[in-house]
Amino acid sequence: MIPPTQTRIEGPDSVANPALDIPDDASIDMSTILQESQVMEVLQKLDQELVGLKPVKTRIREIAALLLVDRMRHSFGLMTRPPTLHMSFTGSPGTGKTTVAMRMATILHRLDYVRKGHLVAVTRDDLVGQYIGHTAPKTKEILKRAMGGVLFIDEAYYLYRQENERDYGQEVIEILLQVMETQREDLVVILAGYKNRMETFFSSNPGFSSRIAHHLDFPDYSLEELLAIAQLILAEQMYRFSPEALSAFEAYLQRRMQMPRFSNARSVRNALDRARLRQANRLFAKGGKISKTDLMTIEAEDILASRVFTEDLPDDEQQSGTSQEPVFHDSDTSALC
């Protein structure tokens, strides 16, 4: 957390504001601050992890620049009021919202805005109780865990249910609004969800809207970006497409993007997991000598066996019989989602 700069009144037992004793032409090397904070490493990692999302990356760099300048001002004893950094992330599933939130927490910590720099990701069920007197303790426990870092509330609009006046979610909203205002120097709250639903949520809860300083919209990925994400995921796992498999996967995406429950990079990752499963079964059935190239290569048949081609249905987890992976992981590959 950025400590407040205190102005001292001159007197017999006091010291003048140190900023007044520093010449106006004094300077500080920005490269030194960058090296100390290592914030550029975080920004570069974000560029490497996420394909596209140029407007989002630009806003994150702008926020990092603001915090960097605030840190430099503080070194000169200049009055700096920590900016409000509560945010809204809108977009479809699998567009990188969680990853950006994680990297934002790291940037905030490295530039001394928050003490810890961790991310606590929750939904309505983690905050709202089931009976009278249950909600406040649940919410306050989550806030206690999140202090010094970032609280990421996914599908935040489910906190407010206009049709139910007795819904306990309203109690959560009141607690959050108070903490967002009084403890904004030790906690950043990020509200996430579909854009249209978030807009309705903000219009119904103006207190939230007035406390959100940054609205970041995460667009759906294009076909070309999804193909790039697929190849990045495979490369990290030491796999690769054969030329025929790449064409087959492009055809897969063209079909899958038009079907229900498509989740951008998350659906790409799940599809590749199933392709790896088919590859393993193909090699097992083949037997005999298996080369390193065989072990690394996804072939067209591993893609074309999908239900997307055979039954014109989404080849999702429930239909294919595989279990759904958690949204939040510690691995770098999951960051693509």
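What you see is a predicted model; the values in this text were computed from it and never measured.

Quick word on the overall build of the protein
In terms of helices and strands, the protein carries 16 helices and 7 strands. Residue burial in the protein is summarised as follows: out of 337 residues, 46% are buried. Intrachain contacts of the protein at a sequence separation of at least 6 include 75% that bridge at least 24 residues. For the protein, the exposed surface amounts to about 17,500 Å²; the carbon and sulfur share of it is 51%.

Concerning the pairing of strand β5 (residues 214–218)
A one-sided burial pattern is seen for β5, the buried positions being H214, L216 and F218 and the unburied ones H215 and D217. Examined bridge by bridge, strand β1 (residues 87–91) and β5 share 5 bridges and lie parallel to one another. In the strand pairing of β5, S88 is matched with H215.

Some remarks on the confidence of the model for the protein
On average, residues of the protein score 83 in pLDDT, and 84% of them are at 70 or above. Within the protein, strand β6 (residues 240–241) carries the highest mean pLDDT (98), whereas helix α16 (residues 317–320) carries the lowest (42). When the criterion is pLDDT under 50, residues 317–337 qualifies, and its contacts beyond four places in sequence or with other chains add up to 50 contacts.

So, the nonpolar core
Across soluble globular proteins, nonpolar side chains show a tendency to be buried alongside one another. Counting residues in each nonpolar core, the largest one holds 60 residues, and the members touching the most others are I60, F89, I107, L108, F241, F249 and V268. In terms of nonpolar packing, the next biggest core, distinct from the first, is built from 29 residues, V120, A146, A156 and F201 among them.

A short note on helix α12 (residues 264–286)
With 23 residues, α12 should reach 33 Å at 1.5 Å per residue; the first-to-last C-alpha distance of 33 Å fits that figure. Count one or two residues on from α12 and you reach G287, which has phi positive near 65 degrees.

As for the packing of helix α10 (residues 223–236) against α12
When two helices pack together, their arrangement is given by the angle between the helix axes and the distance between those axes. One way to put it is that α10 packs onto α12 with a least axis distance of 10 Å and a crossing angle of 45 degrees. It follows that α10 is oblique to α12 by the angle criterion. Along this stretch, α10 crosses α12, giving a crossing that reads as right-handed. Seen from α10, the contacting residues are L226, I229, A230, I233 and L234; seen from α12, they are N264, A265, V268, R269 and L272. Residues belonging to the contact of α10 with α12 are distributed by class as follows: 8 nonpolar, 1 polar and 1 charged.

Details of the environment of Y221
Position of Y221 relative to the elements: it lies in the loop between β5 and α10. Separated by 42 residues in sequence, Y221 and S263 have C-alpha atoms that sit 9.7 Å apart.

Topic: the pairing of strand β3 (residues 150–154)
By the criterion of burial, β3 is predominantly enclosed, with 4 of the 5 residues buried. Bridge count for strand β2 (residues 119–122) against β3 is 4 bridges, and the pairing is parallel. When the sheet's bridge partners are listed, V122 is paired in β3 with I153. Bridging between β3 and strand β4 (residues 188–193) involves 5 bridges; their strand directions are parallel.

The rules behind these values
- The residue numbering used here restarts from 1 in each chain and proceeds along that chain's sequence as written.
- Whole-chain, interface and lining totals are the exception, using all residues; otherwise, since this is a predicted model, local features are given only for residues with pLDDT of at least 70 and side-chain atom pairs are given and counted only at 80 or more.
- Here the side-chain values reflect all heavy atoms present in the structure, with hydrogen atoms and water set aside.
- A run of H or I in DSSP counts as a helix once it spans at least four residues, and a run of E counts as a strand once it spans at least two, with each numbered from the N terminus.
- Relative accessibility thresholds used throughout: buried, under 20% of the residue-type maximum; exposed, over 50%; partly exposed, between the two (1.4 Å probe, protein chains only).
- When checking whether two residues touch, look at their non-hydrogen atoms; a contact exists if any pair is within 4.5 Å.
- Accessible areas in this description were obtained via Shrake-Rupley with a 1.4 Å probe; residue shielding takes into account the shown protein chains only.
- Whether two strands pair depends on DSSP finding at least two bridges between them.
- The predictor reports its confidence for every residue as pLDDT, a score running from 0 up to 100.
- Grouping buried Ala, Val, Leu, Ile, Met, Phe, Trp, Tyr and Cys residues that are joined through side-chain atoms within 4.5 Å yields what is termed a nonpolar core.
- In a helix, the anticipated span is given by 1.5 Å times the number of residues less one.
- Convention adopted: a line fitted to C-alpha atoms gives each axis, helices being fitted over their contacting stretch, and angles between N-to-C directions are expressed from 0 to 180 degrees.
- Working rule for angles: under 35 degrees goes down as roughly parallel, over 145 as roughly antiparallel, 65 to 115 as roughly perpendicular, anything else as oblique.
- By the definition used in this description, the sense in which the near helix is turned from the far one sets the handedness, with an anticlockwise turn below a right angle giving left-handed and a clockwise turn giving right-handed.
- Three residue categories are used. Nonpolar comprises Ala, Val, Leu, Ile, Met, Phe, Trp, Tyr, Cys and Pro, charged comprises Asp, Glu, Lys and Arg, and polar comprises the others, including Gly.

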